[in-house]
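The residues making up each chain are set out below.
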Amino acid sequence: QEYTLVKMKLIEPIPPKLSKALPKPNLKQKIYLVAATLRPETMYGQTNCWLRPDLKYIAVISDATTTKEEEVYICTERAARNMFYQGIIKEGHIVELIGNDLLGCKLKVPLAKYEFVYTLPMLTIKDNKGTGVVTSVPSDSPDDFAALRDIKKKAALREKYGIKDEMVLPFEPVPIIEIPGFGDLSAVTVCEQLKIQSQNDADKLKEAKERVYLKGFYEGVMLVGSYKGSKVCDIKKSIQKDLIDSGDVLIYMEPEKQVISRSG
Ligand code: ZZB
């Protein structure tokens with residue numbers, strides 16, 4: 001499985017636990033949360049980054065022979081092991097954190113309409129897939145739309161995780177791809193169709209993704225960016241290549257999912 005690894009740059013203030021662990025002070029300007037995505041063409045619509053509050057993350061140092069400069073990447077230990085085998089990072093880590101330590105951080109992310117976005121809690125992030133860091137595109141990802149709506153609706157949820165209103169309330173789904181039959185905010189449309197109530201509506205969210213996924217790939221048309229007017233399937237690779245060339249993303253591979261049991 002090939003993912004695009006999006007470098008979401010941490011803007012100061014850096015959480016103290018992380019800041020203290022940096023082996024060189026100049027690394028402070030080169031810390032990235034790395035999100036694994038299958039949809040590089042949706043990066044125009046990023047509104048936030050999701051982290052799971054109870055999940056363990058580590059900070060690792062990149063291998064400058066691959067990434068040009070030494071940088072700090074934050075992801076799960078499992079993802080770091082894969083990245084090490086691929087020559088992206090050096091062995092070992094500089095500090096262990098949990099998602100909670102990193103919530104409410106300010107980020108600069110590639111291609112997004114919003115100048116800065118923030119790290120917010122999502123409770124349904126899986127620890128056995130990707131990097132445990134998930135970039136949020138509520139216009140096109142039903143999971144992201146449902147989770148963003150949850151945290152916008154519930155002040156108590158924001159309070160619990162120390163999230164300020166201004167990190168959430170100004171951020172709206174951004175129209176970036178038109179899908180025939182679903183309009184320019186396909187995730188919003190499909191969540192309404194299926195009457196999805198929250199990020200915990202797992203079965204309905206699975207159905208929602210199935211409804212928009214293939215159609216979005218083959219029939220979706222870009223509404224923004226350098227490939228405006230083109231079909232997603234024709235330009236997905238080009239967007240990925242442009243992002244690789246600008247140093248904003250890396251390619252990250254995962255071994256095929258281990259099949260433990262088959263239920264159908
Ligand atoms: C941006 C994006 C935009 C995504 C979209 C999806 C969609 P899959 O197919 O099951 O492999 N993701 C990545 N890691 C995790 C994780 N550990 N736990 C939960 N979600 C995760 O799913 C890959 C997608 O799931 C990734 O691509 C990421 O969200 C999320 F418009 O990145 B995506 C219809 C989906 N649309």
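Quick note: structure is the one above.
Let's talk about the site of the ligand
Right, on to step 1. Taken together, 18 residues form the shell around the ligand, and within it Thr37, Leu38, Lys126, Lys129 and Asp140 come nearest.
Right, on to step 2. At a separation of 2.7 Å, an oxygen atom of the ligand approaches a polar side-chain atom of threonine 37.
Right, on to step 3. One of the backbone N or O atoms of leucine 38 is found 3.5 Å from an oxygen atom in the ligand.
Right, on to step 4. Those elements giving two or more residues to the shell around the ligand turn out to be strand 2 (31-37), strand 9 (134-136) and helix 7 (202-219).
Right, on to step 5. Among the elements that take part in the shell around the ligand, helix 7 stands out by supplying three residues, more than any other.
Right, on to step 6. Class assignment of the residues belonging to the shell around the ligand gives a composition of nine nonpolar, four polar and five charged.

Brief notes about the side chain of arginine 52
Right, on to step 1. By secondary structure assignment, the location of arginine 52 is in the loop between strand 3 (48-51) and strand 4 (56-61).
Right, on to step 2. Using a relative accessible area of 16% as the deciding quantity, one classes arginine 52 as buried.
Right, on to step 3. A distance of 2.7 Å separates polar atoms of two side chains, one belonging to arginine 52 and the other to aspartate 54.
Right, on to step 4. Ignoring sequence-local partners within four residues, the contact set of arginine 52 consists of Tyr57, Gly99, Met122, Leu123, Ile125 and Asp127.

Quick word on the state of the cysteines
Right, on to step 1. Counting across every chain of the model gives zero disulfides.
Right, on to step 2. For the unlinked cysteine cysteine 75, the closest cysteine sulfur is that of cysteine 49, found at 12 Å.
Right, on to step 3. On the basis of relative accessibility, which here comes to 0%, the residue cysteine 75 falls in the buried class.

Comments concerning the pairing of strand 3
Right, on to step 1. Both faces of strand 3 are covered, namely the face carrying Asn48 and Trp50 and the face carrying Cys49 and Leu51.
Right, on to step 2. In this sheet, strand 8 (residues 117-121) lies alongside strand 3 in parallel orientation, the contact comprising four bridges. In the sheet register, tryptophan 50 faces strand 8, and the bridge partner there is leucine 120.

Points about helix 7
Right, on to step 1. If you check helix 7, its first and last C-alpha atoms are 26 Å apart, about what 18 residues at 1.5 Å a residue would give, namely 26 Å.
Right, on to step 2. Those residues of helix 7 lying buried are Leu205, Ala208, Val212 and Gly216.
Right, on to step 3. In the core, the buried residues of helix 7 are packed alongside helix 4 (142-153), helix 6 (186-193) and helix 8 (232-245).

Topic: the packing of aromatic side chains
Right, on to step 1. Summed over the entire model, instances satisfying the criterion amount to six aromatic pairs.
Right, on to step 2. Pairing phenylalanine 217 with tyrosine 218 gives two aromatic rings, centres 4.8 Å apart and planes at 75°, and the pair type is edge-to-face.
Right, on to step 3. Every member of this aromatic cluster is reached through a ring pair, and the members are Tyr114, Tyr118 and Phe171.
Right, on to step 4. In this arrangement the basic side chain of lysine 106 is found over the ring face of phenylalanine 116, its NZ or CZ atom lying 4.3 Å from the centre.

Observations regarding the nonpolar core
Right, on to step 1. Counting residues in hydrophobic clusters, the biggest one holds 68 residues, and the most contacted among them are Met8, Leu18, Leu33 and Leu120.
Right, on to step 2. Per-element tally for this core: the top contributor is helix 4, with five residues.
Right, on to step 3. Not counting residues up to four positions away in its chain, the partners in contact with leucine 33 are Val6, Lys7, Met8, Cys49, Leu51, Ile74, Leu102, Leu107, Thr119 and Val133.
Right, on to step 4. Membership of the second largest hydrophobic core comes to 16 residues, among which are Ile58, Tyr73, Ala79 and Ile88.

What about helix 8?
Right, on to step 1. In this model helix 8 runs 19 Å from its N-terminal to its C-terminal C-alpha over 14 residues, within 8% of the 20 Å that 1.5 Å per residue would give.
Right, on to step 2. The set of residues buried in helix 8 consists of Val232, Ile235, Lys236, Ile239, Gln240 and Leu243. Across the axial projection of helix 8, the buried residues extend over an arc of 155°, all falling on one side. Every exposed residue of helix 8 that faces more than 90 degrees away from the buried side is listed here: Asp234 and Lys237.
Right, on to step 3. Those residues of helix 8 hidden inside the fold are in contact with strand 1 (2-11), strand 10 (177-178), helix 7, strand 11 (221-222) and strand 12 (249-253).
Right, on to step 4. Phi turns positive, to about 80°, at glycine 247, one or two residues after helix 8.

Parameters and conventions
- Residues numbered from 1 in each chain as written.
- Predicted model: local features only at pLDDT ≥ 70, side-chain atom pairs only at ≥ 80, totals over all residues.
- Heavy atoms only, no water.
- Near = heavy atom within 4 Å.
- Polar contact = N/O pair within 3.5 Å; in protein donor to acceptor, adjacent residues only side chain to side chain.
- Helix = DSSP H or I, 4+ residues; strand = E, 2+ residues; numbered from the N terminus.
- Nonpolar A, V, L, I, M, F, W, Y, C, P; charged D, E, K, R; others polar.
- Buried < 20%, exposed > 50% of the residue type's maximum accessible area, 1.4 Å probe, protein only.
- Contact = heavy atoms within 4.5 Å.
- Disulfide = S-S within 2.5 Å.
- Pairing = 2+ DSSP bridges.
- Expected span 1.5 Å × (residues − 1).
- Phe/Tyr/Trp six-rings, centres within 6.5 Å; stacked < 30°, edge-to-face > 60°.
- Lys NZ or Arg CZ within 6 Å of the ring centre and 35° of its normal.
- Core = buried A, V, L, I, M, F, W, Y, C linked by side-chain atoms within 4.5 Å.
- Arc of directions from axis to C-beta.

Treat this as a map of the structure, not an account of what it does.
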